[in-house]
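Chain by chain, the residues:
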Amino acid sequence: MTEGKDLLNVLWSGADVLRGKMDANEYKTYLLGLIFYKYLSDSYLAKVYDMINDEDAEDLEEAQNLYEEVYNSDDAADLLEELKTTLHYTLEPEMTYISILRDVKKNAFHREKLQAAFNRIQESDALFNDLFADVDLYSNRLGTGDQKQSSTVAQVLSVLEDADLIHAEGDVLGNAYEYLIGQFASETGKKAGEFYTPHGPAQILCRIAMTGQEDKKGLLAYDPCCGSGSLLLSTRQYSKEPDYIKFFGQEIMPSTYNLARMNMFLHGINPENQVLRNADTLDADWPTGEETEFDVVTMNPPYSANWSAAEGFKQDDRFMDYGDKLPPKSKADYAFLLHGFFHLKPTGTMAIVLPHGVLFRGAGEGNIREILLKNGSIYAVIGLPSNMFYNTSIPTCIIVLKKHREGRDVLFIDASKMFEKEKKQNVMKQEHIDKVIELYNERKSVDKVAYLASFEDIENNDFNLNIPRYVDSSEEEPEVDLNELIKSMSETDNEIKAANDSLVQMMKELTFEDDETKNAMSEFMKLFGEV
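Please read all numbers here as calculations on a predicted model, not as lab measurements.

How each quantity is defined
- Residues numbered from 1 in each chain as written.
- Predicted model: local features only at pLDDT ≥ 70, side-chain atom pairs only at ≥ 80, totals over all residues.
- Heavy atoms only, no water.
- Helix = DSSP H or I, 4+ residues; strand = E, 2+ residues; numbered from the N terminus.
- Rg over C-alpha atoms; globule rule 2.2 N^0.38 Å.
- Buried < 20%, exposed > 50% of the residue type's maximum accessible area, 1.4 Å probe, protein only.
- Contact = heavy atoms within 4.5 Å.
- Expected span 1.5 Å × (residues − 1).
- Arc of directions from axis to C-beta.
- Phe/Tyr/Trp six-rings, centres within 6.5 Å; stacked < 30°, edge-to-face > 60°.
- Lys NZ or Arg CZ within 6 Å of the ring centre and 35° of its normal.

J.: I would appreciate a short explanation of the overall build of the protein chain in the present structure.
T.: A tally of helices and strands in the protein chain yields 17 helices and 11 strands. Its C-alpha radius of gyration of 31 Å places the protein chain more than 25% over the 24 Å reference for a compact globule of 531 residues. C-alpha extents for the protein chain along the principal axes are approximately 115 × 75 × 45 Å. With 531 residues in all, the protein chain has 51% of them scored as buried. Long-range contacts, defined as pairs at least 24 residues apart, comprise 74% of the intrachain contacts of the protein chain with a sequence gap of at least 6.

J.: Please clarify how helix 4 (residues 76-87) should be interpreted in this entry.
T.: Owing to its 3.6 residues per turn, the α-helix brings residues three or four apart onto one side. With 12 residues, helix 4 should reach 16 Å at 1.5 Å per residue; the first-to-last C-alpha distance of 16 Å fits that figure. Looking only at helix 4, the buried set comprises Ala76, Leu79, Leu83 and Leu87. The buried residues of helix 4 all sit within an arc of 65 degrees when viewed along its axis, so they share a single face. Residues Ala77, Asp78, Glu81 and Thr85 are exposed on helix 4 and point more than 90 degrees away from its buried face. Of the residues flanking the end of helix 4, it is His88, one or two places downstream, whose phi is positive at about 75 degrees.

J.: I would appreciate a short explanation of unusual backbone geometry in the present structure.
T.: Glycine aside, negative phi is the norm for most residues, and most peptide bonds take the trans geometry. Here the residue pair Trp286 and Pro287 is connected by a cis peptide bond, since its omega of 5 degrees sits within 30 degrees of zero. As for its position among the elements, Pro287 is in the loop between strand 3 (274-278) and strand 4 (294-299). Here Ala309, not a glycine, exhibits a phi torsion of approximately 50 degrees, which is positive. On the secondary structure map, Ala309 appears in the loop between strand 4 and helix 12 (333-342).

J.: Please clarify how the packing of aromatic side chains should be interpreted in this entry.
T.: Any two aromatic rings considered together are summarised by their centre-to-centre distance and by the angle between their planes. The full count for this structure, using the stated rule, is 19 aromatic pairs. Ring plane angle 25 degrees and centroid distance 5.4 Å describe the contact between Phe128 and Phe265, whose orientation is recorded as stacked. Here the residue Phe128 occupies a position in the loop between helix 6 (111-124) and helix 7 (145-159), and Phe265 occupies one in helix 11 (residues 254-266), the gap between them amounting to 137 residues. Comparing Phe128 with Phe265 shows no difference in burial state: the two are buried. Here a set of aromatic residues connected by ring pairs shows up, and it is made of Phe36, Tyr37, Tyr39, Tyr44, Tyr67, Tyr71, Tyr89, Phe118, Phe128, Phe132 and Phe265. When the ring centre of Tyr244 is taken as reference, the NZ or CZ atom of Lys217 above it lies at 4.3 Å.

J.: What's the story with the environment of Lys84 in this structure? I'm lost.
T.: Residue placement: Lys84 occurs in helix 4. Between the C-alpha atoms of Lys84 and Ser124, which are 40 residues apart in sequence, the distance is 7.9 Å. Discounting chain neighbours no more than four positions away, the residues touching Lys84 are Tyr89, Thr90 and Ser124.

Put into structure tokens, the structure is as follows:
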């Protein structure tokens, strides 16, 4: 049985093969793609063994031998049909990881076989369309020439031999994959904002969105900017019925969309419970089919991104109820917020991370904010520490929204000082996360950290939600004791005089070789009141 730490060590060592040949944003695609291929292949052989022998496979080599034997028998057609129905893909015996690893060990590895395996999986079902499109086995980034490129891929495949991906207990595999994604985000820096939300903000978002919905069976979760899917998958931690959650996610970057699909499978999400789409969230509304409203909406969209803000959007159902103004072309923050809010169930909760500007900027944004507040849609505003995210150092906030609730009060939480500094980033530890959730659930004013503002408070502030207007987190300056200050200054003055006297005395004891130097020293001593 593979322990979590052992599995992490094996998987991370695969990165060592690629590190130095390309940057983290590139080699993450190769490593995570090859891990996923091994997972699909090993799962496939395990299923073959179970279908034939009605028991779990302890040795995948044995399962491979059995599959090769049956594949050439009269029973092959029925077996392949059942495998396709159950797993949604099939592989020929020579396309499995075990078979290709045998070639690696004999120095007979050919990329064509691995590419054929990728193609077979991708063509098996719409679930896997273009899944390995970014894993370019013929790229010069792997080395110069066929031999070096093949050798690099073979090395990674060899390292992954020690990773037991099908016997890992619980969610060990999914957590290991999530850990790798986080490590790559840390190494990648600014580009990481495309696919990863750090642990602290992610847990706060998901715990808040799941509050009161932990027992719901058949929960519908939606992330319109899903990245690697980490926010969606985090909701499972707070559900008592995690196997019945249905996940909906949209992602504009094809490589990140593929990463989200892999992440779903490696966390054991059934194909029928994952509905992911590669498209521009703002360009056209989605989902528009059978399920369009969700219990949980979580979002960490790109901050202050450009969008078209075309006049036609004023007739779009997502934006038409917020006056005659759209979010500005240079700041799509409220466009993302309104998209997510449109798809929220009346009984659900939405939590979104945005820059602080959305709390106080005017024009179209101010108009939208005022309407949301008058409708009672904004439930809480939580200020996060600065330098939390890989793609920006600016402070951000979480806005929590609900529909058709009683009351129009807003809870403000200032969590800007709840962090520890680690290397490049500020990190929210578990005690910080727990404190924010405690303040959120108690929903009352607490000196220096939280304020429950009435609608009148907000109206009197012209619907400006800037947190310092409501939560005074400043520390009072200590009172100055004038007598103590005078005494301290006098003591300091005496110490300076004593030091000067000591210095002058030492200078008087000096001897000089010529009159010029002696006269210069005399002039210098005059600065200390000496002649």
